[in-house]
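Descriptive analysis of the structure
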Amino acid sequence: MIETVGIAVVVVLALIGGLHLLWAASPWPLATRERFALLIGGIPAVPKGFAAMSIGVGVALLAAAWLAGARAQVLPSPFAGWIVEVGAWAVAAILLGRGAWGFVESSFDLADHYAGYRRLDLRYYSPLCILLGGAVAVIAWPARVQALPGAPRRAAHGVRRLSSSDPEAECLQVVDALVTVLRAGSAVTPALIMALDG
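In this report, we go over the structure that sits alongside the text. (Residues numbered from 1 in each chain as written. Predicted model: local features only at pLDDT ≥ 70, side-chain atom pairs only at ≥ 80, totals over all residues. Heavy atoms only, no water.)

1. Here we look at unusual backbone geometry
Our working definition: Only runs of H or I of at least four residues qualify as helices and only runs of E of at least two qualify as strands under DSSP, and these elements are numbered from the N terminus.
A cis amide bond, omega 10°, links tryptophan 28 with the succeeding residue proline 29. In this fold, proline 29 is placed in the loop between helix H1 (2-23) and helix H2 (33-41). In this model, glutamine 73 sits at a positive phi of 65°, which is unusual for a non-glycine residue. Summarising the element assignment, glutamine 73 is placed in the loop between helix H3 (50-71) and helix H4 (81-107).

Here it is as structure tokens:
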């Protein structure tokens with residue numbers, strides 16, 4: 001199951017990263033840079049240095065995809081397991097933070113963004129960040145991933161590792177981990193409910 005979540009996260013993060021790389025040169029799928037700036041960035045014009053920023057975000061998202069995939073053991077890693085684990089937790093924290101802040105910022109118009117951007121942020125951008133951040137947190141959870149190839153298998157301190165022959169219990173543990181992540185983000189629940197009702 002973790003492998004499936006890992007593959008899904010890798011694909012989505014890699015596609016979003018590729019899209020950011022494309023945006024360095026093109027406003028696709030929008031017709032003009034001005035419309036792109038309004039709907040994707042919430043600002044009236046594309047800022048100077050945008051291409052470099054977009055490339056930076058694209059590369060960071062591709063690195064995040066690789067870290068999630070390496071932690072879920074669907075991509076190879078030349079690094080020690082703890083480096084991949086810390087990196088995956090950092091990815092989860094950044095995505096969850098972006099999602100939570102997006103809900104707050106767009107709900108209360110803290111940045112004076114274009115209304116079309118705020119609507120997209122509340123309906124798509126922030127929920128996607130929360131979903132991806134939660135999925136990466138589940139992948140990063142120490143008891144969720146078996147030891148890297150060649151390393152001894154051991155569970156995290158105080159956590160019983162499930163065998164692959166116990167899929168029902170494994171599903172319940174994944175749900176428990178997601179609930180923990182959602183409880184941590186409960187401060188954004190009112191904004192999330194408003195966004196879904198809108």
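2. Re the pattern of salt bridges
For clarity, the threshold we go by: The salt bridge criterion pairs a side-chain nitrogen of Lys or Arg with a carboxyl oxygen of Asp or Glu, the two atoms within 4 Å. Partly exposed describes any residue whose relative accessible area lies between the buried limit of under 20% and the exposed limit of over 50%, with all areas from a 1.4 Å probe on protein chains only and scaled to the type maximum.
The final tally for this structure, using the stated rule, is three salt bridges. In this structure, the salt-bridge partner of glutamate 85 is arginine 71, at a minimum N-O distance of 3.7 Å. Of this pair, glutamate 85 sits in helix H4 while arginine 71 is found in helix H3, placing the two residues 14 residues apart along the sequence. Note on arginine 71: relative accessible area 10%, which makes it buried.

3. Describing H1
A turn of α-helix holds 3.6 residues, and therefore any two residues three or four places apart point the same way. Put simply, the test is: Expected span, for any helix, means 1.5 Å times one less than how many residues it has. Of all possible arcs, the one meant is that of the directions from the helix axis to the C-beta atoms.
With 22 residues, H1 extends 31 Å from end C-alpha to end C-alpha; this agrees with the ideal 32 Å at 1.5 Å per step. Looking only at H1, the buried set comprises Ile2, Gly6, Val9, Val10, Leu13, Gly17, His20 and Trp23. Summarising the axial view, the buried residues of H1 lie within an arc of 155°, below the 170-degree limit, and thus occupy one face. Facing away from the buried side of H1 by over 90 degrees, the exposed positions are Thr4 and Leu15.

4. Regarding the packing of H4 against helix H5 (residues 115-140)
Rules: Inter-axis angles, ranging from 0 to 180 degrees, are taken between N-to-C directions of lines fitted to C-alpha atoms, where helices are fitted over the stretch in contact. For this classification, under 35 degrees means roughly parallel, over 145 means roughly antiparallel, 65 to 115 means roughly perpendicular, and everything else is oblique. Throughout, a crossing is termed right-handed when the near helix is turned clockwise from the far one, and left-handed when it is turned anticlockwise from it by less than a right angle. Ten residue types, Ala, Val, Leu, Ile, Met, Phe, Trp, Tyr, Cys and Pro, are classed as nonpolar, four, Asp, Glu, Lys and Arg, as charged, and the remainder, Gly among them, as polar.
One way to put it is that H4 packs onto H5 with a least axis distance of 8 Å and a crossing angle of 155°. If you check the angle between H4 and H5, you find them roughly antiparallel. Note on packing geometry: the crossing formed by H4 with H5 is left-handed. Of the residues in the contact of H4 with H5, the class split is 18 nonpolar, seven polar and four charged.

5. A word on the packing of aromatic side chains
The test is simple: Ring pairs shown here join Phe, Tyr and Trp side chains whose ring centres sit within 6.5 Å, with only the six-membered ring taken for Trp; geometry is labelled stacked below 30 degrees between planes, edge-to-face above 60, and tilted in between. The rule for a charge over a ring is simple: NZ of Lys or CZ of Arg within 6 Å of the ring centre, and within 35 degrees of the ring normal.
Evaluation of the coordinates by the stated rule reveals five aromatic pairs. Both rings, one in phenylalanine 36 and one in phenylalanine 50, keep their centres 5.6 Å apart while their planes meet at 75°; by these two values the pair is edge-to-face. Here phenylalanine 36, found in helix H2, pairs with phenylalanine 50, found in helix H3; they are 14 residues apart in sequence, far enough to count as distant. Phenylalanine 36 sits in the buried class, given a relative accessible area of 3%. With centroids separated by 5.8 Å and ring planes inclined at 45°, the aromatic side chains of tyrosine 117 and tyrosine 125 adopt a geometry described as tilted. A connected cluster of aromatic rings, assembled from ring pairs, spans Trp23, Phe36 and Phe50. Arginine 33 extends its terminal NZ or CZ atom over the ring of phenylalanine 36, reaching a point 5.8 Å from the ring centre.

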